[in-house]
Amino acid sequence: MTKNNNATPGQPLAEVFGFPVDNHSPQAQRYRKSKLCPYNNKVPNCTKDKALDPLGVCSIYDQDGEPTITCPVRFRENWIIAEDAAAFFFPPDAAWTSLTEIRLKDGNGQSAGNIDVVLVSYDERGKLVDFGSLEVQGVYISGNVRNPFIHYMVDTEHHANTPWNGPNYPRADYLSSSRKRLAPQLLYKGGIFQQWKRKQAVALHKSFYDTLPELPEVSSSEADIAWFLYDLDYNPQENVFRLDRYRTVYTAFEPAMLKITSAPAGPVAEFIAHLQEKLDDQLNPPDAPALQDILNGVDQ
């Protein structure tokens, strides 16, 4: 079961600096005190939002009371995502490693952004044999998550189960996550890898994927993209969440991109009626009152 039943409704924060907010073990306290990241960040400390004053929120509770990952680094727990992607990219006996934050340029030499993780396989002499891209996408937050985070950090023990009643309550914004971030990245950066005929992998929380349109699936041998869907499984004995692969979806590149970026059409009759209304207003504007009529009205 993924839901932390000990969490009081109204507390939006699920994990802070790697631990559930109601975990007050010595290890959890040490991580909060030193602002450490347990999930293989590029440095030992959390650097989310601000390096000197990091926003150490790894996950929040969504509208259903389930934890959903908001920090991409959270997916690096035990490097499960790299192992899963390597199994899709390379033969079982391949030697491989992962490289993070790799700059990508397009055919004009312009920056196409950074790739979260590039996995490379190599031979016994260390010469590169193959590579593939792994994009990691956390969920955007609507509202303000820093205020409840600050409130919690002031007194972690007493504020862990305190409902947050402040303005702009933070919520998982799945729609913005897909339209503003995931789809453009896959179209642009993913399009380059597709032209290179290199495989791609995407790591998402399963609740995020569930908000996407249903993608046409293919076999793993025919796939251009593997969608690795992860969940946070709650361990009540340790009072921690553990990253667990929930499901893998295999798709071709172009059908998946078309499905994600194409909005379902509403009734055309409603749009035509709206156009007719606007056209009527433009062709038959209401009569403007004459100046003399206005003056006569004032005299009266």
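Attention here is on the structure that accompanies the text. (Residues numbered from 1 in each chain as written. Predicted model: local features only at pLDDT ≥ 70, side-chain atom pairs only at ≥ 80, totals over all residues. Heavy atoms only, no water.)

### A look at the side chain of S59
Of note, S59 is situated in strand β3 (residues 57-61). Of note is the side chain of S59, whose polar atom sits 2.7 Å from the side chain of E15. Leave out the neighbours within four places in its chain, and S59 touches L13, A14, E15, P67, T68, I69, T70 and L232. (Helix = DSSP H or I, 4+ residues; strand = E, 2+ residues; numbered from the N terminus. Polar contact = N/O pair within 3.5 Å; in protein donor to acceptor, adjacent residues only side chain to side chain. Contact = heavy atoms within 4.5 Å.)

### Thoughts on the environment of I260
As for its position among the elements, I260 is in helix α7 (residues 253-261). The exposure class assigned to I260 is buried, which follows from its relative accessible area of 15%. Sequence separation between I260 and V120 is 140 residues; the distance between their C-alpha atoms is 28 Å. Aside from chain neighbours lying at most four places away, what touches I260 is A183, P213, L215 and W227. (Buried < 20%, exposed > 50% of the residue type's maximum accessible area, 1.4 Å probe, protein only.)

### Quick word on α7
Along α7, the positions that sit buried rather than exposed are F253, A256, M257 and I260. On an axial view of α7, the arc spanned by its buried residues comes to 95 degrees, and they lie on one face. Along α7, exposed side chains directed more than 90 degrees from the buried face belong to E254 and L258. Those residues of α7 that are buried are in contact with α5 (174-195), β10 (200-205), β11 (225-235) and β12 (240-251). (Arc of directions from axis to C-beta.)

### Considerations on the environment of P67
Mapped onto the secondary structure, P67 falls in strand β4 (residues 67-69). Sequence separation between P67 and V120 is 53 residues; the distance between their C-alpha atoms is 32 Å.

### Let's talk about the packing of aromatic side chains
All told, the structure shown has 12 aromatic pairs when counted by the stated rule. Taken together, a centroid distance of 6.2 Å and an interplanar angle of 80 degrees make the contact between F131 and W196 edge-to-face. Residue F131 is found in strand β7 (residues 128-136), and its partner W196 is found in the loop between α5 and β10; the two are separated by 65 residues along the sequence. Given a relative accessible area of 19%, F131 falls into the buried group. The exposure class assigned to W196 is partly exposed, which follows from its relative accessible area of 41%. Taken together, the ring pairs connect F88, F89, F90 and Y250 into an aromatic cluster. Taking NZ or CZ as reference, K199 lies 4.7 Å from the ring centre of F88, over its face. (Phe/Tyr/Trp six-rings, centres within 6.5 Å; stacked < 30°, edge-to-face > 60°. Lys NZ or Arg CZ within 6 Å of the ring centre and 35° of its normal.)

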